[in-house]
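Examination of the molecular architecture
Given next are the chains, with one letter for each unit.
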Amino acid sequence: MKEIKVQEIFLEAGYQISPKAVEMIALHSAPNDLISYILENVDESLFVIEAEHIDIESFEKEYPDLPKECLEEVPCSNDTPTSSVAPVSSTRSPARSSVSSTLSPTSSSATLQDERCFSDSNGQVNNINIMSDITDMSTCVGEYMEFVQYFRNRYTKLSNIIRGRVTARPIESLNKNRKHSSGVRRGGGGDYNEASIIGMVSEIRTTANGHKMLQLEDPTGSFPVLVHQAEKDLFEEASKLVLDEVIGITGSMTNDGSLLIAKKLVFPDLPNIPNRREGTWGKAIFTSDIHVGSSTFLEEEWCSFLDFLNGKTDNEQLKKISEEIRFLVVAGDLVDGIGIFPGQEHELDILDVYDQYRKAAEYFD
């Protein structure tokens, strides 16, 4: 099975996966069923699936009669694009057919659409895999429900990261306590119950006393959170929050259950992973906000950048760097677009979004 397919399937499921784990799965005789087994049994708190998280022995004991699968490899020439070949069909175990079918290499989200080979200036062949192509499939028109679905999806993915570090309860349960006025005090000592919630920040304001008042919202409801000015580090963190940010908050409930006093903020940041220097070589360049089509597009500077990427420079130091570059990542705003804001047409050199993409394609070609 193609390693790029393995990576894509796990990314779509919300997980990162290490190169060793990818290789282990790709070399297995039944990779699709192994992927299904891993996703069914993986600890949801994991962010990166490592080789040690894959229990092949247990998998093979549970499903000893799985048929072997393979994906034909297509030889790649330097000039001619080749389409991927459909996988050899096999009869699956009925108990697993429903899960495996969603991970089939023929599904539109995990199909290797095209494979091309290019030679660099040193004659080394670099394979470029086109994992998906959205031509004629980008149908968003900016309707209300599309924005709702986007924010729900965003909340789900980010809250799942936080949930691996915080045992949170739905906001609805806090509201029920408040409605019933049941009181949440732990007896007569004056201590308040601790609670943790995860939500999207829907409101930020400063109280008359200078404290921060947040309104956190999840699919079950919303709840107010107070951050005391006296908690300096916490208050500084809260001051940097923006609307629609997804965070986790641990704190103490007031006696009447109407307010959560924040003690800790948890963000969906990436875990600290030791740097690994194995499995690949070279450098990657990250860029964004190119805005092809805009009258402010820096064409001369961009063409100089392309010359640098192609090693066309008299500066030996830059030339050496360019020879080591393997990846160019564009993190957004490749073209300027059309109708983004009123009067944008007066700031465009290219008035058609498809022509903007055609021009961008010329640059990248």
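This one's a predicted model, so the numbers in the text were calculated from it and none came from an experiment.

What counts as what
- Residues numbered from 1 in each chain as written.
- Predicted model: local features only at pLDDT ≥ 70, side-chain atom pairs only at ≥ 80, totals over all residues.
- Heavy atoms only, no water.
- Pairing = 2+ DSSP bridges.
- Helix = DSSP H or I, 4+ residues; strand = E, 2+ residues; numbered from the N terminus.
- Axes fitted to C-alpha atoms, helices over the stretch in contact; angles between N-to-C directions.
- Salt bridge = Lys/Arg side-chain N within 4 Å of Asp/Glu carboxyl O.
- Buried < 20%, exposed > 50% of the residue type's maximum accessible area, 1.4 Å probe, protein only.
- Lys, Arg positive; Asp, Glu negative; His and termini not counted.
- Contact = heavy atoms within 4.5 Å.
- Phe/Tyr/Trp six-rings, centres within 6.5 Å; stacked < 30°, edge-to-face > 60°.
- pLDDT = per-residue confidence, 0-100.

Our focus in this paragraph is the sheet that holds strand E9 (residues 260–266). Pairing in this closed barrel of five strands is mixed, and the strands run E5-E6-E7-E9-E8 around the ring. Going from strand to strand, the sheet's axes swing by 55 degrees on average, the running direction of each strand aside. Bridge count for strand E8 (residues 246–253) against E9 is six bridges, and the pairing is antiparallel. When the sheet's bridge partners are listed, Met253 is paired in E9 with Leu260.

Tallying each qualifying case throughout the model produces seven salt bridges. Here Asp269 and Arg165 are joined by a salt bridge, their closest N and O atoms 2.5 Å apart. With Asp269 in the loop between E9 and strand E10 (283–287) and Arg165 in the loop between helix H6 (144–163) and helix H7 (171–180), this residue pair connects regions lying 104 residues apart in the sequence. Here Arg358 ties to Asp355 by a salt bridge, and the two come within 2.6 Å at their closest N and O atoms. Note that Arg358 and Asp355 are positioned in helix H11 (residues 353–364) at a spacing of three residues, about one turn of the helix.

With respect to the element layout, Glu245 can be found in the loop between helix H8 (232–239) and E8. One buried charged side chain, Glu245, makes no salt bridge at all; its nearest oppositely charged neighbour is Arg154, positioned 7.2 Å away. Setting aside residues no more than four positions away along its own chain, Glu245 makes contact with Arg154, Gly199, Met200, Val201, Lys240 and Phe267.

Considering all chains together, one arrives at nine aromatic pairs under this definition. Arranged with centres 5.3 Å apart and planes meeting at 45 degrees, the rings of Trp302 and Phe305 form a pair that is tilted. With Trp302 and Phe305 both in helix H9 (residues 299–309), this residue pair falls three residues apart, about one helical turn. Judged by centre distance (6.0 Å) and plane angle (50 degrees), the ring pair of Trp302 and Phe364 falls under tilted. You can see Trp302 sitting in helix H9 and its partner Phe364 sitting in helix H11, a full 62 residues away along the chain. By relative accessible area, Phe364 is classed as partly exposed at 40%.

Here seven bridges tie strand E5 (residues 194–206) to E8, and the two strands are oriented antiparallel to one another. The residue bridging Met200 from the neighbouring strand is Val246, located in E8. Relative to strand E6 (residues 212–218), E5 is paired through six bridges, and the arrangement is antiparallel. The partner of Arg205 across the bridge, within E6, is Met213.

Glancing now at the confidence of the model for the protein chain. Residue-level pLDDT values for the protein chain average 79, and 76% of them are 70 or greater. Predicted confidence is poor over residues 68–113, with pLDDT under 50, and the contacts of this stretch with residues over four places away or in other chains come to 87 contacts. Segment residues 182–191 is flagged for pLDDT under 50; beyond a separation of four residues in sequence, or across chains, it makes 16 contacts in the model.

The element E9 is largely enclosed, with a buried count of five among its seven residues. In this sheet, E9 lies alongside strand E7 (residues 221–227) in parallel orientation, the contact comprising two bridges. Bridged to Leu226 within E9 is Ile261. Here E8 hands over to E9 after six residues, with Gly257 in that stretch at a positive phi of 70 degrees.

This part covers the environment of Phe286. As for its placement among the helices and strands, Phe286 is situated in strand E10. Taking C-alpha positions, Phe286 is 4.8 Å from Val329, a pair spaced 43 residues apart along the chain.

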